[in-house]
Amino acid sequence: MAPSREWLEKDYYAVLGVPEDASSADIKKAYRKLAQQLHPDTNPDPGAEERFKEVNEAFDVVGSEDSRREYDEFRRLAASGGLGGFGGPGGFTFGDGADMGDLGDLLRSIFAGAGAGGGPGGRGFSAYQGAARPRKGADVRASVTLSFDDALRGVQTRLRITGDGPCKNCGGSGAKPGTSPRICSTCGGSGQETINQGLFSMAQPCRACAGSGRIVDDPDPVCDGTGRVIEPRELTVKIPAGVKDGATVRVPQRGQPGANGGPAGDVIVTVQVEPHRVFGRRGDDVTIDLPISFSEAALGTKLRVPNAEGEVTTIKIPAGTPSGKTFRIRGKGAPRAKGGGRGDLLVKVVIDVPTKLSRQQKKLLEELGAHDDTEARDQMLEAR
């Protein structure tokens, strides 16, 4: 991701409400919380949609380790004067102590290309913005909430997202229907004009066409000549079986449209899974707490256990089974995303102590209690 002017103007950490040294997990957690609060489908506040876009933009930059590293370095250099700045006509200044090699790499990121040229003897530096080059569109982020069962089975769901898209009235050309844009005569359609600055030869976006390479003489009133409109649209997303809470599903090239013929961005869907009243998840394994009586644990028994697929499996409880012991039923867990197969069903037995007893139950337990072995507890008391 190439640095942009917004990287200097916006503190993306502040947008997400996290410190600059926040961990990746904390950044992701903050983003998910804000995205839920601000999503236009659930928040009717007129300002929520704009704030939602800001949060997505911030996460696109600092949510990735690579772009976050570039962002931090870019702002560090700017704060120290290492980026320098444009001076008056024909001038370009460097900050004190700026390293030419590092600055060259940075300018290559900023202006999308660098090479030798200009200046005496060809030892100068030429930077190119590449305004008319194809650029991939921005990713769009969305979230979906699934039931526990749907997450295990996998499901196709429809999402409503709001984003930038081509104007249907003009077909994305920006020109009023019946007319067409013309090639910019200033830059010849390249979208760039070259400015010689002594040691530097720099290409900047053409001032006549704003870097598009085209001139729209009769703009479309629907999109004001931009060729794009912001509108809601629906998207069908296939969620794979066994998806975990917090996982992301990427839908290629269904995000923001690219510029100058570049590919569209992706839609990145964060999955949230609702808890189940009986089952839980531990990786690819499904968990269940199975209540058993004291007599069943002491004497041993066979019990029927439900699994997440709606089937029932019989397991053997050995005599003397302690409360909290876990039994593993192979292949009855969640589908594995990689390698195929399924996880296991983990059955933890929990002795269910009754809160109300009949007279007969109470009498029988009192008789049993008279024969209880308390030797281990007595030894603890004697050891003090």
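Residues numbered from 1 in each chain as written. Predicted model: local features only at pLDDT ≥ 70, side-chain atom pairs only at ≥ 80, totals over all residues. Heavy atoms only, no water.

Which parts of the structure should I look at to understand the overall build of the chain?
From N to C terminus, the chain includes 10 helices and 19 strands. When burial is assessed residue by residue, the chain has 35% of its 384 residues classed as buried. Carbon and sulfur atoms form 50% of the exposed surface of the chain, whose accessible area is close to 22800 Å². (Helix = DSSP H or I, 4+ residues; strand = E, 2+ residues; numbered from the N terminus. Buried < 20%, exposed > 50% of the residue type's maximum accessible area, 1.4 Å probe, protein only. Areas by Shrake-Rupley, 256 points an atom, 1.4 Å probe, with all protein chains shown as cover.)

Please explain the packing of helix 3 (residues 24-38) against helix 4 (residues 48-62) as it appears in this structure.
What describes two packed helices is the angle between their axes and the distance between those same axes. Orientation of helix 3 relative to helix 4, taken along the N-to-C sense of each, is 160°, at an axis distance of 9 Å. On the basis of their axis angle, the class for helix 3 and helix 4 is roughly antiparallel. Handedness of the crossing formed by helix 3 with helix 4: left-handed. Where helix 3 abuts helix 4, its residues Ile27, Lys28, Tyr31, Leu34, Ala35 and Leu38 lie against Ala48, Glu49, Arg51, Phe52, Val55, Asn56, Phe59 and Val62. (Axes fitted to C-alpha atoms, helices over the stretch in contact; angles between N-to-C directions. Parallel < 35°, antiparallel > 145°, perpendicular 65-115°, else oblique. Left-handed = near helix turned anticlockwise from the far one by under 90°. Contact = heavy atoms within 4.5 Å.)

Teacher, can you tell me more about a nonpolar patch on the surface here?
Together, Phe294, Leu357, Leu365 and Leu368 line one region of the surface with nonpolar side chains, adding up to about 370 Å² of accessible area. When you line up the elements, Leu357 lands in the loop between strand 19 (345-351) and helix 9 (359-369). (Patch = residues over 30% accessible without salt bridge, like charges linked within 9 Å, V, L, I, M, F, W, Y side chains within 5 Å. Salt bridge = Lys/Arg side-chain N within 4 Å of Asp/Glu carboxyl O.)

Could you clarify how one ought to interpret a negative patch on the surface in this entry?
A cluster of like negative charges, contributed by Asp372, Asp373, Glu375, Asp378 and Glu382, occupies part of the molecular surface. Following the sequence through the fold, Glu375 ends up in helix 10 (residues 375-382). (Lys, Arg positive; Asp, Glu negative; His and termini not counted. Charge placed at Lys NZ, Arg CZ, Asp CG, Glu CD.)

Looking at this structure, how should I read the nonpolar core?
Among the nonpolar cores identified, the biggest contains 36 residues, and Val237, Ile239, Val271, Val286, Leu345 and Val347 are the most heavily contacted of them. Setting aside anything within four residues of it in sequence, one finds Val347 in contact with Ile288, Leu290, Val305, Ile315, Lys325, Thr326, Phe327 and Ile329. If you look at the next biggest cluster of nonpolar residues, it comprises 22 residues, including Tyr13, Ile27, Phe59 and Val61. (Core = buried A, V, L, I, M, F, W, Y, C linked by side-chain atoms within 4.5 Å.)

Looking at this structure, how should I read the environment of Ser323?
The residue Ser323 is located in the loop between strand 17 (312-317) and strand 18 (326-329) in this model. On the basis of relative accessible area, Ser323 is assigned to the partly exposed category, the value being 43%. Taking C-alpha positions, Ser323 is 9.0 Å from Asp352, a pair spaced 29 residues apart along the chain. Apart from the residues within four sequence positions on either side, Ser323 is in contact with Val349, Val350 and Ile351. Within the structure, Ser323 has its side chain in polar contact with the backbone nitrogen of Ile351 (distance 3.2 Å). (Polar contact = N/O pair within 3.5 Å; in protein donor to acceptor, adjacent residues only side chain to side chain.)

Can you help me understand the sheet that holds strand 5 (residues 140-146) in this one?
The strands making up a sheet associate through backbone hydrogen bonding, with each pair oriented either parallel or antiparallel. If you walk across this open sheet you meet the 3 strands as 5-13-12, and the pairing is mixed. Each edge of the open sheet is held by one strand with a lone partner, namely strand 5 and strand 12 (248-251). Geometrically, the sheet is characterised by an average inter-axis angle of 25° between neighbouring strands, direction not taken into account. Judged from the 7 bridges that link them, strand 5 and strand 13 (residues 267-273) form a sheet pairing that is parallel. Bridge pairing in strand 13 places Thr145 opposite Gln272. (Pairing = 2+ DSSP bridges.)

Is there a simple way to think about the sheet that holds strand 15 (residues 285-292) in this case?
A sheet is described by the order of its strands in space; here 4 strands give the open sequence 14-15-19-18, paired in mixed fashion. Two strands close off the open sheet at either side, each with one partner strand: strand 14 (279-282) and strand 18. Neighbour to neighbour, the strand axes of the sheet diverge by 30° on average, direction disregarded.

Looking at this structure, I do not really get the pattern of salt bridges. What am I missing?
For side chains bearing opposite charge, pairing can occur when the charged atoms are close. Tallied over the full model, the rule gives 18 salt bridges. In this structure, Arg250 engages Asp139 in a salt bridge whose closest nitrogen and oxygen atoms are separated by 3.7 Å. With a gap of 111 residues between them, Arg250 in strand 12 and Asp139 in the loop between strand 4 (125-128) and strand 5 connect regions that are remote in the sequence. Of the residues examined, Arg250 reaches a relative accessible area of 48% and is grouped as partly exposed. Among the residues examined, Asp139 registers a relative accessible area of 22% and is labelled partly exposed. With its nearest N and O atoms 3.1 Å apart, the salt bridge here joins Asp284 to Lys244. One end of the pair, Asp284, is in the loop between strand 14 and strand 15; the other, Lys244, is in the loop between strand 11 (228-239) and strand 12, with 40 residues separating them in the sequence. Judged by relative accessible area, Asp284 falls into the partly exposed class, the value being 22%. Each of Lys136, Asp139, Arg250 and Asp266 takes part in a single network of salt bridges with overlapping partners.

Quick question: what am I supposed to make of the environment of Cys223 here?
By secondary structure assignment, the location of Cys223 is in the loop between strand 10 (214-215) and strand 11. Judged by its relative accessible area of 5%, Cys223 falls in the buried class. Each C-alpha atom of the pair Cys223 and Gly174 lies 6.8 Å from the other, and the pair is 49 residues apart in sequence. Setting aside anything within four residues of it in sequence, one finds Cys223 in contact with Cys167, Cys170, Gly174, Arg228 and Val229.

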